[in-house]
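An overview of the molecular structure
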Amino acid sequence: MADIVLDKLSKRFPDGTTAVRDIDLEIADGEFVILVGPSGCGKSTTLNMIAGLEDISSGELRIDGQRVNDKAPRDRDIAMVFQSYALYPNMTVRENMAFPLRLAKMDKQTIDAKVEEAAKVLELTPLLDRKPANLSGGQRQRVAMGRAIVRQPKAFLMDEPLSNLDAKLRVQMRTVVSRLQKQLGTTTVYVTHDQTEAMTLGDRVVIMRGGAIQQVGPPQELYDHPRNLFVAGFIGSPSMNFLHAAVEDGKLRTALGDVPIGERIRRQLDAADAPRELILGVRPEHFEDAELVDDDTRRRGMEFTAPVDIVESMGSDKYVYFTIEGQRASAAELEELAADAGADFSGGGAGLVTRLSAESSVREGEGRRVWFNLEKIHLFDPTTGHNLTLHEGRSGGALAD
Amino acid sequence: MSVNATPAGADVSADAEHGTGRHAAVPGQRARRRGKTPLSENRKAERRLGWLLCAPAALVMVLVTAYPIAYSVWLSLQRFDLRFPDEREFIGLENYVTVLTNDFWWTAFGVTMLITVVTVAVELVLGMGLALVMHRTLVGRGIVRTAALIPYGIVTVVAAFSWRYAWTPGTGYLANLFSDGAPLTERASSLAIIMLAEIWKTTPFMALLLMAGLALVPEDLLKAASTDGATAWQRFTKVVLPVMKPAILVALLFRTLDAFRVFDNIFVLTAGGNETSSVSMLAYNNLIRGLNLGIGSTMSVLIFLTVAIVAFVFVKLFGTAAPGSDDGERR
Amino acid sequence: MAVETTTRAKLRWGLLDVVVVVFALVPVLWIASLSFKTPATLTDGRFWPREWTLDNYRSIFATDQFVRALVNSIGIALIATGIAVVLGAMAAYAISRLDFPGKRVLVGVSLLIAMFPQVSLVSPLFEIERQLGLFDTWPGLILPYITFALPLAIYTLSAFFKQIPWDLEKAAKMDGATQAQAFRRVIAPLAAPGLFTTAILVFIFCWNDFLFAITLTSTERARTVPVALSFFTGESQFEDPTGAICAAAVVITIPIILFVLFFQRRIVSGLTSGAVKG
């Protein structure tokens, strides 16, 4: 077990592209850290550099306080689980799991004992003598995990280990991974492009984009207080609604009506030659059917009316999509997120995603009065992407003083 | 743990991202990177291992062939006829002019080209079919594979003799079967028989390489494709062929190289009569029979150059499927 | 692909098999048939012999000339095949998996060697071997065979190594394997079809070679079968050696059959299935 320190780590490829740029990260002993971001953000490259599968162009990597830049993977005592599982097809499950131990020249009895134990933990015992070709996807995934845990390494590296499983199995395996990591208490770095995995698994989440870290923190922290547009848009499902907002007479003119702004933000906007155009961000769950809001709550937000497009009842709550007029919010970050999602991102003018309580009697086609919480909204500078509502790392909504 | 408590520098502002971020490489940096990035230990170890692994093969190949090849090239620049040893002298490219303005050479060149194109094309198709049969057959796989490979295993000269016998009027079963003339004494029929003999003998070579390539096609992929509703032909062209590309390249490349140097079959079947000589036969006649080492070597170098061009085209056509090319997969 | 085991599928494959076997074996049978014919009926133009005789076989085994050649051929071909496959696998692995300067040069040069007409190389080789005392010895043939088999071996094997998922090697490295261990225990077993294919091709190449063998040998010490065949004459000067040559051809095809029978089993698919993905 060990702590891992990334000190100004960079990766440049021979063709001149920079995949990772000056990354700083301290991973504490026993911590479960998630690297998350859209494809091409450098998360896998970073993982490979920690593993030793990829050379470090500059900066320093320390494991347990020791510089390991030039150490071969096998001298770093780290285990890795691959997205493709990378099981040795010519070996049985038992041989696959015993492989690292045999390479470490352990005696046969110890190897057998360790393999049996790991197999028991992962419920692989009845499969030990099968070949990978005769296993299901979930079983293969567990064998890959087994091969990693069997030698009790200093740290686990996992490269999108669940992304090849179907949705149901993925949820199931997520808890397996989580429990396993807690049980073993081994430092773990986990790469994923799935923000749900990032939110549910890690002690801390590192959001990357274009080879650089955007924000680091516990999942809830990132969710509540995103530093910039990218983080705000990436974390959360369905994702945050982004609307175009124009600053006029100390108010924000938006498709949801005129949004008042608090003293502090006003000062901030006045002081600098702040842009007159901002991006308003509201998460789906910060909307509510106006009928269901009590007076006390009503005061903390504002209301608007919009035509209902689609209602998706989830049982526990309802996803309601509204059509709203107005200009589309645009920023480089949003386009990038949209491209990664492989679809048009829900910007202004297209639609508003809200999560209303299940009691709401909302119906498709009607116009509905909706309330939203002003204390929870975010304002972003469209050019820099900065979250303007953030004060000392915390977001206080539009009204914050 | 709060955001503020996270390690220094964890937050790279979006400023950096936009301003200098994406195009962080200022000219100075780029120059340094292109130039001498100091090699890490891993990199160095990888290089050393690469050289170490290649050294024995490279050494053997160079030691055995360097002198003979250099000597051939040197001879091609000389007038050197063993019948007139006194006239040996350095004449530059004169031999090349002599050969390239010679009608015999161009006739042989045409014959060789024809044989190469026809046999390789036919062999590719037949070889692919044969490979599929050898790979997929349900009945007697071992026997079929072995039987199919026997023609390649038969000593070429013997095989050629058997064909000559078969086509010789009076003695052969094929000659009696098909025609009343003597097929090996007419140009068109001779060439056809030469090509038939070539195809019969070397299709297994093609098939074996292709079959080994087929063995690499993942069954899962085929299954997935057929559940997606792909027809057998679509599965073959969309799934099988792309995976087999490297194997096809190797098979095609080496078959072409060999076909262009066709020698034994012609030597036995027609001895080059009726304008059926290949370029290799001409070279042989000059080098071994005629003992005109200068001209013979020149022809060798010309054959080599032609083959080199063909090989170059193949390798280019196949792009990243060629050995040693960077496929970018490593990242 | 789902293996269809219905009778109809079997029948279809059986039919295809028959076509393949006929296509491949009719000319071989013709040679065999010639080997059983008596000198008198040799040229009767019939496919099957009218009178059967074993004389041709007796004649080739009458002296130990042929047997010696057979021993030479088998020994030389096996050794050359073994060395060429090992050296070729090493180089091909480096070429397909490692990054080092000079890689492309090696690939290019090996191809150039494969392209140079061998006719023009035998005379200089003969000179060198005489100087070095390699002429008319086993190593004197083994060396050129390895040399001219290597390009094909390197190309074939590179194509195979390329198809093995990178992740397997990375996994082996992470599991604590050195590069050599990763190769020996993970890559080589999966590249088996390529290794055996290469072995078959190289063996046949060595077995069939005539040009080098006739130039670089002069006695029974290293003379191989194809050359020995060319020295066959009939029992008297006027007798046609065709029958004997054909008998010898049949005999020397047997080792090839055994070799191929033995190795073709290893060329199977599915070795890499289950390695990656679900």
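Described below are features of the structure shown in this document. Computed from a predicted structure; not experimentally measured. (Residues numbered from 1 in each chain as written. Chains lettered and ligands numbered in written order. Predicted model: local features only at pLDDT ≥ 70, side-chain atom pairs only at ≥ 80, totals over all residues. Heavy atoms only, no water.)

1. With respect to the packing of aromatic side chains
The following threshold applies: Each Phe, Tyr or Trp ring, with Trp reduced to its six-membered ring, pairs with another whose centre is within 6.5 Å; inter-plane angles below 30 degrees give stacked pairs, above 60 give edge-to-face pairs, and intermediate values give tilted ones. The helix and strand labels rest on DSSP assignments: H or I over at least four residues marks a helix, E over at least two residues marks a strand, and numbering proceeds from the N terminus. Residue burial is assigned from relative accessible area. The probe radius is 1.4 Å, only protein chains are included, and a residue is buried under 20% of its type maximum, exposed over 50%, and partly exposed in between. Note on geometry: a ring has a charge over it if NZ (lysine) or CZ (arginine) is within 6 Å of the ring centre and within 35 degrees of the ring normal.
One pass over the full model with this rule turns up 32 aromatic pairs over all chains. Plain terms: the ring middles of Trp105(B) and Phe109(B) are 6.1 Å apart, the flat faces sit at 40° to each other, and that makes the pair tilted. With Trp105(B) and Phe109(B) both in helix α5 (residues 103-136), this residue pair falls 4 residues apart, about one helical turn. When sorted by exposure, Trp105(B) lands in the same class as Phe109(B), which is buried. One aromatic cluster is present, built from ring pairs that chain together Trp105(B), Trp106(B), Phe109(B) and Phe260(B). Arg97(C) extends its terminal NZ or CZ atom over the ring of Trp166(C), reaching a point 4.3 Å from the ring centre.

2. Observations concerning the sheet that holds strand β15 (residues 287-289) of chain A
All names here are of chain A. The line we're drawing: Two strands qualify as a pair provided DSSP detects at least 2 bridges between them. Angles run from 0 to 180 degrees between N-to-C directions of axes, and those axes are lines fitted to C-alpha atoms, restricted for helices to the stretch in contact.
Overall, antiparallel pairing links the 5 strands, which are arranged β15-β19-β16-β17-β18 in an open sheet. The open sheet has two edge strands with one neighbour each: β15 and β18 (352-357). Along the sheet, successive strands turn relative to each other by an average axial angle of 50°, direction set aside. Note: strand β16 (residues 301-313) against strand β17 (residues 317-322), 5 bridges, orientation antiparallel. Paired with Ser313 across the two strands is Lys318, which belongs to β17.

3. Some details on the pattern of salt bridges
Residues and elements named next belong to chain C. Which entries qualify depends on this criterion: Here, a salt bridge means any side-chain nitrogen of Lys or Arg that lies within 4 Å of a carboxyl oxygen of Asp or Glu.
Summed over all chains, the structure comprises 33 salt bridges over all chains. For Asp55, the salt bridge is made with Arg58, and the minimal N-O distance between the two is 2.7 Å. Of this pair, Asp55 and Arg58 are both found in helix α2 (residues 55-60), 3 residues apart, which corresponds to roughly one turn of the helix. Asp55 sits in the partly exposed class, given a relative accessible area of 45%. Salt-bridge contacts for Arg97 lead to Glu169; the nearest nitrogen and oxygen are separated by 2.3 Å.

4. Here's the deal with the interface of chain B and chain C
Note: interface size is frequently given as the accessible area lost on complex formation between the parts. Short version of the rule: We call two residues in contact when some of their heavy atoms are within 4.5 Å. Buried area, as used here, totals the accessible surface that two parts lose on assembly, with accessibility defined by a 1.4 Å probe and the loss added over both. N or O atoms within 3.5 Å of each other form a polar contact, as long as, within protein, one can give a hydrogen and the other can take it, and as long as residues adjacent in sequence are counted only when both atoms are side-chain atoms.
Listed by partner, the interface residues are 96 residues for chain B and 97 residues for chain C. Between chain B and chain C the total buried area reaches about 9,200 Å² when both faces are included, carbon and sulfur atoms providing 76% of it. Per-residue buried area on chain B facing chain C is highest for Met61(B), Leu138(B) and Tyr173(B); these three make up 8% of the total on that side. Taken together, the connections running from chain B to chain C amount to 0 salt bridges. At the boundary of chain B with chain C, the tally comes to 12 residue pairs in polar contact (both at pLDDT 80 or more).

5. Here's the deal with the interface of chain C and chain A
Selection rule: Under the grouping applied here, Gly and all other residues not named as nonpolar or charged are polar, the nonpolar ones being Ala, Val, Leu, Ile, Met, Phe, Trp, Tyr, Cys and Pro and the charged ones Asp, Glu, Lys and Arg.
Residue-level contacts link 24 residues of chain C with 28 residues of chain A. For the chain C and chain A pair, buried surface summed over both sides reaches about 2,300 Å², with 60% attributable to carbon and sulfur atoms. Remark: the boundary between chain C and chain A carries 1 salt bridge. One salt bridge in this structure joins Asp175(C) and Arg147(A), with 3.5 Å as the shortest N-O distance. Counting the contacts that link chain C with chain A gives 8 residue pairs in polar contact (both at pLDDT 80 or more). The set of elements that each furnish at least two residues to the side of chain C that touches chain A consists of α7 (166-174) and α8 (179-190) of chain C. Considering only residue class, the side of chain C that touches chain A consists of 11 nonpolar, 7 polar and 6 charged.

6. A closer look at the packing of helix α11 (residues 232-260) of chain B against helix α14 (residues 293-318) of chain B
Describing two packed helices takes the angle between their axes plus the distance from one axis to the other. All names here are of chain B. So the rule is basically this: Between 65 and 115 degrees an angle is taken as roughly perpendicular, under 35 as roughly parallel, over 145 as roughly antiparallel, and anywhere else as oblique. Each helix crossing is assigned a hand: it is left-handed if the near helix lies turned anticlockwise from the far helix by less than a right angle, otherwise right-handed if that turn is clockwise.
In the contact formed by α11 and α14, the axes pass within 10 Å of each other and the chain directions differ by 165°. Between α11 and α14, the crossing angle belongs to the class labelled roughly antiparallel. In this structure, the crossing between α11 and α14 has a hand that is right-handed. The segment α11 lies against α14, with Lys245, Ile248, Leu249, Leu252, Leu253, Thr256, Leu257 and Phe260 engaging Ile303, Thr306, Val307, Val310, Ala311, Phe314, Val315 and Phe318. Partitioning the contact of α11 with α14 into residue classes produces 13 nonpolar, 2 polar and 1 charged.

7. A closer look at the nonpolar core
Across soluble globular proteins, nonpolar side chains have a tendency to be buried as a group. Stated formally: The set of buried Ala, Val, Leu, Ile, Met, Phe, Trp, Tyr and Cys residues whose side-chain atoms join them within 4.5 Å is what this entry labels a nonpolar core.
Among the nonpolar cores identified, the biggest contains 226 residues, and Ile4(A), Leu6(A), Trp105(B), Phe254(B), Phe66(C) and Phe161(C) are the most heavily contacted of them. If near-sequence neighbours (up to four positions away) are discounted, Ile4(A) is found in contact with Leu25(A), Glu26(A), Ile27(A), Ile50(A), Leu61(A), Arg62(A), Ile63(A), Ala155(A), Thr187(A) and Val189(A). Within the second largest apolar cluster, 54 residues are counted, among which are Leu122(A), Leu128(A), Ile207(A) and Phe242(A).

8. Points about the pairing of strand β7 (residues 155-159) of chain A
Looking along a regular strand, one sees side chains alternate from face to face of the sheet. Residues and elements named next belong to chain A. Using the following cut-off: Here, the term right-handed applies to a crossover whose path from the first strand over the helix to the second runs clockwise when the strands point away from the viewer.
For β7, a buried count of 5 out of 5 residues is recorded, marking the element as mostly surrounded by other parts of the structure. The alternating pattern of β7 places Ala155, Leu157 and Asp159 and Phe156 and Met158 on opposite faces, both of which are buried. Looking at chain direction, strand β6 (residues 78-81) and β7 are connected through 4 bridges and run parallel. Pairing of Met80 across the sheet is with Leu157, part of β7. As paired elements, β7 and strand β8 (residues 187-192) share 5 bridges and run parallel to each other. Paired with Phe156 across the bridge in β8 is Thr188. For the crossover from β7 across helix α5 (residues 167-184) to β8, the handedness is right-handed.

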